[in-house]
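# Reading the structure
Spelled out, the chains give:
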Amino acid sequence: MLQHKEDKKLISLLNLEPGSRANIRHLEGGHAFLSRMAALGFTPGTPIQVIRNTHHGPLLIMVRGSQVAIGREEATRVFVNPSEPDGQNSQPITVQERAVIALAGQPNVGKSTVFNLLTGLNQHVGNWPGKTVEQRVGECNFGGRNLLFIDLPGTYSLTASSEEERIARDFILKEHPDLVIAVVDAAKLERSLYLVAELVLLPAPVLLALNMVDVAEQEGIHIEAKVLESALGIPVVPMAAAHNQGLDQLLSTANRMLDGELTTKPTRPSILPAHQMILTELRTLIEGHVPSPYPVDWTALKLLEGDDELINLIKNHLPPEKWEKVGKLLYDHEDAVLDIAGARYEWIARMIRAAVVEPQVTKAGLTSRLDRYLTHPSIGSIVLMVVLGIVFWLTYTIGAPIQEWLSGQVDVFAESIRTWMSGAPDWIIELFASGVLGGLGMVLTFLPILAIFYFSLGFLEDTGYLARAAYLTDRWMHMMGLHGKSFLPILLGFGCNVPAVLGTRIIESKRARLLTILLIPLIPCTARLAVVTILVPLFFPTSAALVAWGLVTGNLLLLLALGLILHRFLFANEHVAFIMELPLYHLPNLKTIGLYVWQNLLGFLQKAGTVILAATLVIWVFSYFPTGDVMTSYLSWIGQVLAPIGQLMGLPWTLMLAIITSFVAKENTIATLGIIFGNINEVLPALITTPAALAFLVFQMLFIPCVATVATIKQETRSIRWTLLSLGLMLGLSLGIGVLVYQLGNLIMG
Amino acid sequence: MLTELLRIIYGGNLRTQHDIAQLMGISPALVSMMANQLVHQGYLEEINPGCSCTDELPQKDEGPCSDCPTKKVCGFDPTHLWTITEKGKRAISI
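Residues numbered from 1 in each chain as written. Chains lettered and ligands numbered in written order. Predicted model: local features only at pLDDT ≥ 70, side-chain atom pairs only at ≥ 80, totals over all residues. Heavy atoms only, no water.

Our focus in this paragraph is the overall build of chain B. Check the secondary structure of chain B and you find four helices and three strands. The N-to-C order of helical and strand elements in chain B reads α-β-α-α-β-β-α. Across the 94 residues of chain B, 55% fall into the buried class. Contacts in chain B between residues far apart in sequence, at least 24 positions, make up 50% of those at least 6 positions apart. With the model as given, the accessible surface of chain B reaches about 4000 Å², and the carbon-plus-sulfur share is 45%. (Helix = DSSP H or I, 4+ residues; strand = E, 2+ residues; numbered from the N terminus. Buried < 20%, exposed > 50% of the residue type's maximum accessible area, 1.4 Å probe, protein only. Contact = heavy atoms within 4.5 Å. Areas by Shrake-Rupley, 256 points an atom, 1.4 Å probe, with all protein chains shown as cover.)

We now examine the overall build of chain A. Of the regular secondary structure elements, chain A holds 32 helices and 16 strands. Sorting the 750 residues of chain A into buried and exposed places 55% on the buried side. Restricting to contacts in chain A with at least 6 residues of sequence separation, those with at least 24 account for 73%.

Glancing now at the side chain of A:Lys111. Residue and element names in this part refer to chain A. Mapped onto the elements of the fold, Lys111 is located in helix H4 (residues 111-119). Judged by relative accessible area, which is 7%, Lys111 ranks as buried. Within the structure, Lys111 has its side chain in polar contact with the side chain of Asp151 (distance 2.7 Å). (Polar contact = N/O pair within 3.5 Å; in protein donor to acceptor, adjacent residues only side chain to side chain.)

Turning next to the nonpolar core. Residues and elements named next belong to chain A. By size, the foremost hydrophobic cluster in this structure holds 105 residues, and its most contacted members are Leu199 and Leu228. Ranked by residues supplied to this core, first place goes to helix H14 (residues 336-355) with 13 residues. Those residues in contact with Leu228, other than ones at most four positions away along the chain, are Leu189, Leu208, Leu210, Ile223, Val236, Met351 and Ala355. Counting 96 residues, the second-largest nonpolar core is a separate cluster that includes Leu450, Leu522, Phe539 and Ile688. (Core = buried A, V, L, I, M, F, W, Y, C linked by side-chain atoms within 4.5 Å.)

Relative to the helices and strands, A:Ile638 resides in helix H26 (residues 634-648). Taking C-alpha positions, A:Ile638 is 8.7 Å from A:Trp653, a pair spaced 15 residues apart along the chain.

A surface patch of nonpolar side chains, about 640 Å² in accessible area, is lined by A:Ile382, A:Val386, A:Ile390, A:Trp393, A:Leu394, A:Ile398 and A:Ile402. Residue placement: A:Leu394 occurs in helix H16 (residues 379-420). (Patch = residues over 30% accessible without salt bridge, like charges linked within 9 Å, V, L, I, M, F, W, Y side chains within 5 Å. Salt bridge = Lys/Arg side-chain N within 4 Å of Asp/Glu carboxyl O.)

Atom-level detail of predicted coordinates should not be read off regions where pLDDT is low. Residue and element names in this part refer to chain A. Averaged over all residues, the pLDDT of chain A equals 81, while 88% of them reach at least 70. Looking over chain A, one finds the lowest element-wise mean pLDDT in helix H1 (residues 2-6), namely 39, and the highest in strand E14 (residues 236-238), namely 95. Across residues 1-8, confidence stays below pLDDT 50; counting only partners more than four residues off in sequence or on other chains, it has eight contacts. (pLDDT = per-residue confidence, 0-100.)

Below, the discussion takes up the pattern of salt bridges. Residue and element names in this part refer to chain A. If you walk through the whole model with that rule in mind, you get 22 salt bridges over all chains. Between Arg169 and Glu309 there is a salt bridge; the shortest N-O distance is 3.6 Å. Taken together, the positions of Arg169 in helix H5 (residues 163-175) and Glu309 in helix H12 (residues 308-317) put the pair 140 residues apart, joining distant regions of the chain. Judged by relative accessible area, Glu309 falls into the partly exposed class, the value being 27%.

This part covers the pairing of strand E12 (residues 206-211) of chain A. On a regular strand, one side chain projects to one face of the sheet and the next to the other, so that they alternate. Residue and element names in this part refer to chain A. Taking burial as the measure, the six residues of E12 include six buried ones, the bulk of the element. Side-chain alternation along E12 places Val206, Leu208 and Leu210 on one buried face and Leu207, Ala209 and Asn211 on a second face that is also buried. A crossover links strand E11 (residues 179-185) with its parallel partner E12, the connecting element being helix H6 (residues 189-199), and its sense is right-handed. Here three bridges tie E12 to E14, and the two strands are oriented parallel to one another. (Right-handed = clockwise from strand over helix to strand, strands pointing away. Pairing = 2+ DSSP bridges.)

We now examine the packing of aromatic side chains. The tally for this structure, following the rule as stated, stands at nine aromatic pairs over all chains. On the basis of an interplanar angle of 70 degrees and a centroid distance of 6.4 Å, the ring pair of A:Phe622 and A:Tyr634 is categorised as edge-to-face. Of the two residues, A:Phe622 sits in helix H25 (residues 590-624) while A:Tyr634 sits in helix H26, which places them 12 residues apart along the sequence. A relative accessible area of 34% places A:Tyr634 in the partly exposed class. Each member of the aromatic cluster is reached from another via a ring pair, and the members are A:Trp427, A:Trp620 and A:Phe625. Above the plane of the ring of A:Tyr585 lies A:Arg468, whose end atom (NZ or CZ) is 4.0 Å from the centre. The side chain of B:Lys87 reaches across the aromatic face of B:Tyr43, ending 4.6 Å from its centre. (Phe/Tyr/Trp six-rings, centres within 6.5 Å; stacked < 30°, edge-to-face > 60°. Lys NZ or Arg CZ within 6 Å of the ring centre and 35° of its normal.)

A few words on the packing of helix H2 (residues 17-24) of chain B against helix H3 (residues 28-41) of chain B. Any two packed helices are characterised by how steeply their axes cross, that is the angle between the axes, and by the distance between the axes. Residues and elements named next belong to chain B. Between H2 and H3, the shortest axis-to-axis distance is 8 Å and the interhelical angle comes to 105 degrees. Taken together, the axes of H2 and H3 are roughly perpendicular relative to one another. On H3, the residues touching Gln17, His18, Ile20, Ala21 and Met24 of H2 are Pro28, Val31, Ser32 and Met34. (Axes fitted to C-alpha atoms, helices over the stretch in contact; angles between N-to-C directions. Parallel < 35°, antiparallel > 145°, perpendicular 65-115°, else oblique.)

Right, let's get into unusual backbone geometry. Residues and elements named next belong to chain A. Here the bond from Ser292 into Pro293 is cis, since omega is 10 degrees, no more than 30 degrees from zero. Structurally, the position occupied by Pro293 is in the loop between helix H10 (273-286) and helix H11 (296-305). Not every positive phi belongs to a glycine, and Asn108 is a case in point at roughly 65 degrees. Position of Asn108 among the secondary structure elements: in the loop between strand E7 (98-105) and H4. A positive phi angle is found at Met212, which is not glycine, with a value near 65 degrees. By the element assignment, Met212 lies in the loop between E12 and helix H7 (213-218).

What follows is about the side chain of A:Ser12. With respect to the secondary-structure elements, A:Ser12 resides in strand E1 (residues 11-12). The contacts of A:Ser12, once residues within four sequence positions are left out, are A:Ala75, A:Thr76, A:Val78 and A:Phe79.

In structure tokens, the structure reads:
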């Protein structure tokens, strides 16, 4: 190795001038480097000729009959002897007329497919000099010309905000390719055109490869290539690279452009006259100081756009007094970027309007038409109410008979346990028969009802309708005065109150945040809805859907009324605007819905097997001991305390107690009722009057949230006072409205 | 066009990209592209209403929500939601 370095005729490949010939004598580097270079044909003894070495960018070397681009850093590690070629190298290396073509495009537009088809096996993969970004270079001969293709990294724009964008724009600016082929996806043309809007500003002719026209046609999108060509002012070649269609036309158009037969006059995005004046001023200030190869007009535009890389570059090349003026101009017109980038979108919209024929019926078109009604403040709200009613109706119509049957089976099973365990102590028999089966078993009989409920919700979510429901909810909140960032956590509350309370962190104002936390427990979470779904048909078998619908609607109205009060006093001057990206409507996928149902039921079963089971056992112990009769048990002692409150709503202490246990988890209400009454389907309907049943359901809907939510409220407010205030508010509302419903019901029903 | 979009966003409380597309006579896809550009430039911010309250939009099975005990019952759907920033308000001179 040392002897090579000491050879006075041995120099690195980097030092060879274009046109020079030499023999490779030695390569320096690790095994990986040597293997890679050998694969490219760089082995000791091989003759080479330098085609291009411009002091910037990769070197182009003719080796073993192919042109290969290698990085400058790599070239420093290849040592050659330029003076006396071996005899075998004395044959002249012939070079055809050659053109360098850069392939530009966004990721996923089929650029790699186009590159592979154009270059076949004549391609080499390396890295861009000094970068970790992959560089692919390949060539082909067409029409008597050697075409060298450089596959630029996939980029969405040329704003130099990423390594890939910097490489792409630097290559075009510094290496001066003879042609840039912009590959775009015809099916998503507007997304692809932003890059083209930037490419036409650079000093290189652009040819548009309109790829994936087959996919666009399949989607009903028809693009008038000739119209697009006229609108853009550059040649457009429709193609379907995946089917090897349009390649010849692309190459022949490229050749015609290289021959000068086809000239281009690109239509460029134009900016507002006000900013045009600033641009001219900026141009005048920087003229004569812009380093080569950056064009002055383009540099001025990029400065005004706030391009950090160019700002630093110009700052280093301008005299301080001029930079001061430039800096002030840029500072005063910081928002010019809105006009410059906005002009590009306007340009895109113009091109699309001119050349794209959208299908009559598309998913997007269908979504727009449906949303005209489904997100309409009044029509949409009525539809949402009807949809909610249908969900409850379906749940009860299909689920209730199955639940009733399962409940009977639990009774039969409990009797069987009593028979099988007849020799065991009474309390053990009752622990299993009344405690576990009566409580937990009763909860589990409601699985079919929950499955249907979750299926309906999953169906609505998967079609994209639930997002509209969220959107409409904001409309209502806006009408009632509550808007701003409060609505976001409130929406979350429909899933679970815990993340909703956590979600209030997005509200900057502490006061607004605390008051939003107060409102959240009023939102019926899925667990609360599930309990209501279970209880309503027990008391109102013939009008369950209507009653459940009324309960949910009543809850929401109460929420909106409180929101109105909060708005009056707290949010009067707050205005926060949002955009929501609503998904397109689509046919629901049964697998997705199945997964949604499964996840929710699994969550319910996990809860049933842990929290609910533990609470069930504790409640059973208190209901069994010391006498073995619930009416004289420890539980009844607690119940007696609740009895006077319950009387205000016509409720026996047993029902009050069932609701109190929902503090651990909402579903415990069912478990407690199961332990106390056994088969609740038979006992509950006869236990209380209709007004009392309504009061019971209202009380359940508005009762204090579960312990997890309360703990989160404490954690987020960091205040026992606010936590107690929240508990007090919910307790007061649930009791107050429960009593009101009972008393009004009694008045109406005599 | 970007200034117009900012004005439209600020003019309402909650709008969808479909509403805005209709108002501007362009496609919803172009509205989303422009909204992303405005986020990049600091005129709009993407809001994460989820449990994590981080700057990034969480996914239920990855990121900060992955350990959340309530993720299975959480109603949070990572729908894109943007709001106007102070810089955005200044740009339209509010």
